[in-house]
Every structure is written in C-alpha cells, then in structure tokens.
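Now for the letters of each chain:
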Amino acid sequence: MSRYRVGIIEDDPLHRELALVMLEQAGFDVCAFGSALEFRRHCGVGDIDLLLVDWELPAESGLAFVTALREGGEHALPVIFLTARTDERHIVEALGAGADDFIPKPAKAGELVARVRSLLRRSAAGDRSEAVLAAPPFEFQRAQRILLMDAEPVRLTPREFDMALFFFQRIGRIVSREALLAQVWKVGPHVDTRAIDTYASRLRKRLGLDGSSGWRLEGIYQHGYRLMRVEDSARSLPEAAASLT
C-alpha cells in the first residue's frame, strides 16, 4: 500500500523544513511549498491526502486559500492550519473557513504526527463498528465516509461529516457545544464555541436541517443542539436536558 502524501504550504523556510523532516521521519511522503501559487503550479489537491497550511503566506493568505478551496467544491481534503495565531478569534475563523484542525507553531513532532495520523484515520477509514447509519433520506456509509441524501452523495468536509454523524447518532438528545469540541474537534473547552455555531448553520443549509429534509437541528439556549424528526413532538427542555451529552 502506498504511503500517505502530505502537502505543506509554509513560507518560513525553517518551519517548512522542520515540518517536512518530522513527517518524513514518521513515514509520510511530503511535498512542501513556500506559497499557494507554488502549490498550485507543482502539486494540487488531487496529489495529496492531507494539507498543512500556514496562515501567513505571501500574496494569498492560508485562510483565503482554504476558503477558496472549500467554496470551489473541494470538501474531502483534510486541512490543518499550522500557525502562530492561536487566540480564540483566529481559531474560530480558521475552523469556519473549512479547516479540520489547527496546530500552534512551533510544532512539536509528537503532536504534529499524532494529529496528522488521527485526521487521516478519520478521513480515510472512519469507525467501522456500524458500517451504515440510515435515517431517511440520509444514509451514512461510515467506512467510505460518504453521506447520501436521497441516494445522492453530499459533499462535506471531513469535520462536517463527523459533526453530522455525531448528531445523527444522538437523535432526540441535546448535544452540548463542549461535547462537540471534545469529541469532534478533539480540542478543549477553552476554544470559542462560535465555531460550532458556524458549522451547525452550514449543516442546516447543506442538509436541509431546517425541517425541509424531514429533520430539524434545533438550537437549545445555553445548552447546545438537538436533532429531531419534524413529525416528532418536541420534548420539554427539563426532560431533554436529562439526556445532555
């Protein structure tokens, strides 16, 4: 089996070389570039399995690059921001643009390799314990990480897929933002939960979770979210809070 190939876009030569060496020593094939333009000229999303991208890049920022990538229809490629910007506002902005994870610079070898491997596992294999989760008109094919809606594939980023699956595994239960941060984002509660709200809004639009698909993703004030069938009568908040995830 061929090795995973990781792309790096980092304009700082030292940080670029460090990340390249760390990943190559861990057994990955790596292609590294100093700008988004160089990446487009010499590589491309179809040639890699995961992308590490710096926020501060010449001509086109990493944030602009990832935003254009997602808006252009490339939702499957796992993306990790490698950046010195680690305050809550920037983390929310990165996740909202479509990044799946972020690693503060300077990256530590153990953390970098562990996060890359974790995201690749989730993206390529997923949890095979329940191969298919059906909730018409949706069908989650977990091994292939494919979501079908009315038998047609829906293009989602890896994190959007994980978040949608998380909700559909907990139908009728309140899911806290903290649970989503810990179990989907794999980060602590210190991260601003506005990132969760951005993704929830995106899922409502893409999957019709405003009720048009037969499902409604409800915001529960000061608690989180709850996915319900439209025809199901809503439970009272005190009763639902007892099932808080």
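Above: the structure in question.
Cut-off values and rules
- Going along each chain's sequence as written, the residues are numbered from 1 onward.
- Confidence filtering applies because this is a predicted model: local features only for residues at pLDDT of at least 70, side-chain atom pairs given and counted only at 80 or more, and all residues used for totals across whole chains, interfaces and linings.
- Hydrogens and water molecules were not included; the side-chain quantities draw on all heavy atoms of the structure.
- Each helix is a run of DSSP H or I of at least 4 residues and each strand a run of E of at least 2, with the numbering of both proceeding from the N terminus.
- For the exposure calls, accessible area comes from a 1.4 Å probe over protein chains only, and a residue counts as buried if that area is under 20% of its type's maximum, exposed if over 50%, partly exposed in between.
- Here, two residues are considered to be in contact whenever any of their heavy atoms come within 4.5 Å of each other.
- For the area figures, the Shrake-Rupley method with a 1.4 Å probe applies, and any residue is considered shielded solely by the protein chains shown.
- By convention a nonpolar core is built from buried Ala, Val, Leu, Ile, Met, Phe, Trp, Tyr and Cys residues, the set being connected through side-chain atoms within 4.5 Å.
- Lines are fitted to the C-alpha atoms to define the axes, a helix being fitted only along its stretch in contact, and any angle between axes, read from their N-to-C directions, falls within 0 to 180 degrees.
- Angular relationships are summarised with four words: roughly parallel below 35 degrees, roughly antiparallel beyond 145, roughly perpendicular across 65 to 115, and oblique for the angles in between.
- Take the far helix as the reference: if the near one is turned anticlockwise from it by less than a right angle, the crossing is left-handed, and if turned clockwise, right-handed.
- Charged residues are taken to be Asp, Glu, Lys and Arg, nonpolar residues to be Ala, Val, Leu, Ile, Met, Phe, Trp, Tyr, Cys and Pro, and polar residues to be all remaining types, Gly included.
- One bridge is not enough; two strands pair if DSSP finds at least two bridges between them.
- Salt bridge criterion: a side-chain nitrogen from Lys or Arg within 4 Å of a carboxyl oxygen from Asp or Glu.
- Centres within 6.5 Å are what make two rings of Phe, Tyr or Trp a pair, Trp counting through its six-membered ring; a difference in plane orientation under 30 degrees is then read as stacked, over 60 as edge-to-face, and the rest as tilted.
- Criterion for a charge above a ring: Arg CZ or Lys NZ at most 6 Å from the ring centre, at most 35 degrees from the ring normal.

1. So, the overall build of the protein
Helices and strands together make up the secondary structure of the protein, namely nine helices and twelve strands. Considering the protein as a whole, with its 245 residues, one finds that 50% of them fall into the buried category. Summarising the internal contacts of the protein: among those between residues at least 6 apart in sequence, 57% fall at separations of at least 24. Accessible surface for the protein amounts to roughly 11,400 Å². Of this, 51% is attributable to carbon and sulfur atoms.

2. Quick word on the nonpolar core
With 54 residues, the main nonpolar core has Leu-51, Phe-81, Phe-140, Met-163, Phe-167, Phe-168 and Leu-209 as its most contacted residues. Of all the elements, helix H6 (residues 158-168) adds the most residues to this core, at seven residues. In terms of nonpolar packing, the next biggest core, distinct from the first, is built from 19 residues, Val-6, Leu-23, Leu-52 and Ile-103 among them.

3. A word on the packing of helix H4 (residues 88-97) against helix H8 (residues 194-207)
Working note: a packed helix pair is described by the angle between its axes plus the distance between those axes. At their nearest, the axes of H4 and H8 sit 8 Å apart, and the two run at 20° to each other. With respect to their mutual orientation, H4 and H8 come out roughly parallel. Of the two elements, H4 crosses H8, and the hand of that crossing is right-handed. Listed contacts from H8 to Arg-89, Val-92, Leu-95, Gly-96 and Ala-97 of H4 are Arg-194, Ala-195, Thr-198, Tyr-199 and Arg-202. Residue classes in the contact of H4 with H8 are distributed as five nonpolar, two polar and three charged.

4. Some details on the pairing of strand E12 (residues 224-229)
With respect to burial, E12 is a largely interior element, five of its six residues being buried. Here strand E11 (residues 215-220) folds back onto E12, and the loop between the two strands holds three residues, one of which, Gln-222, carries a positive phi near 65°.

5. Things to note about the sheet that holds E12
Read from one edge to the other, the open sheet built from three strands follows the order E10-E12-E11, with strand pairing classed as antiparallel. Two strands close off the open sheet at either side, each with one partner strand: strand E10 (174-176) and E11. For this sheet, the mean angle separating the axes of adjacent strands, direction not counted, is 25°. Packing against the sheet, H6 makes contact with E10, E11 and E12, and its axis sits at approximately 65° to E12.

6. Observations regarding unusual backbone geometry
Here Lys-105 and Pro-106 are connected by a cis peptide whose omega angle stands at 0°. Omega for the bond connecting Pro-136 with Pro-137 falls within 30 degrees of zero, at 10°, which places this linkage in the cis form. Non-glycine residue Asp-150 carries a positive phi angle of around 55°. For Ala-151, which is not glycine, the phi dihedral falls at a positive 70°. A relative accessible area of 62% places Ala-151 in the exposed class.

7. Observations regarding the pattern of salt bridges
As enumerated under the stated definition, the model contains eleven salt bridges in all. Between Lys-105 and Glu-10 there is a salt bridge; the shortest N-O distance is 3.1 Å. Taken together, the positions of Lys-105 in the loop between strand E5 (101-104) and helix H5 (109-124) and Glu-10 in the loop between strand E1 (5-9) and helix H1 (13-25) put the pair 95 residues apart, joining distant regions of the chain. Glu-218 is paired through a salt bridge with Arg-226; the nearest N and O atoms lie 2.9 Å apart. For the pair Glu-218 and Arg-226, a shared accessibility class is recorded, and that class is buried.

8. Quick word on the packing of aromatic side chains
This structure, assessed with the given rule, holds eight aromatic pairs. Centre to centre, the rings of Phe-140 and Phe-168 are 5.3 Å apart; their planes meet at 50°, and the pair counts as tilted. Here Phe-140, found in strand E7 (residues 138-141), pairs with Phe-168, found in helix H6; they are 28 residues apart in sequence, far enough to count as distant. Among the aromatic residues, ring-to-ring pairing joins Phe-138, Phe-140, Phe-161, Phe-168 and Trp-215 into one connected group. The ring of Phe-166 has Arg-170 sitting right over it, with the charged end atom 3.5 Å from the ring centre. The ring of Tyr-199 carries Arg-202 above its face, with NZ or CZ at 4.9 Å from the centroid.

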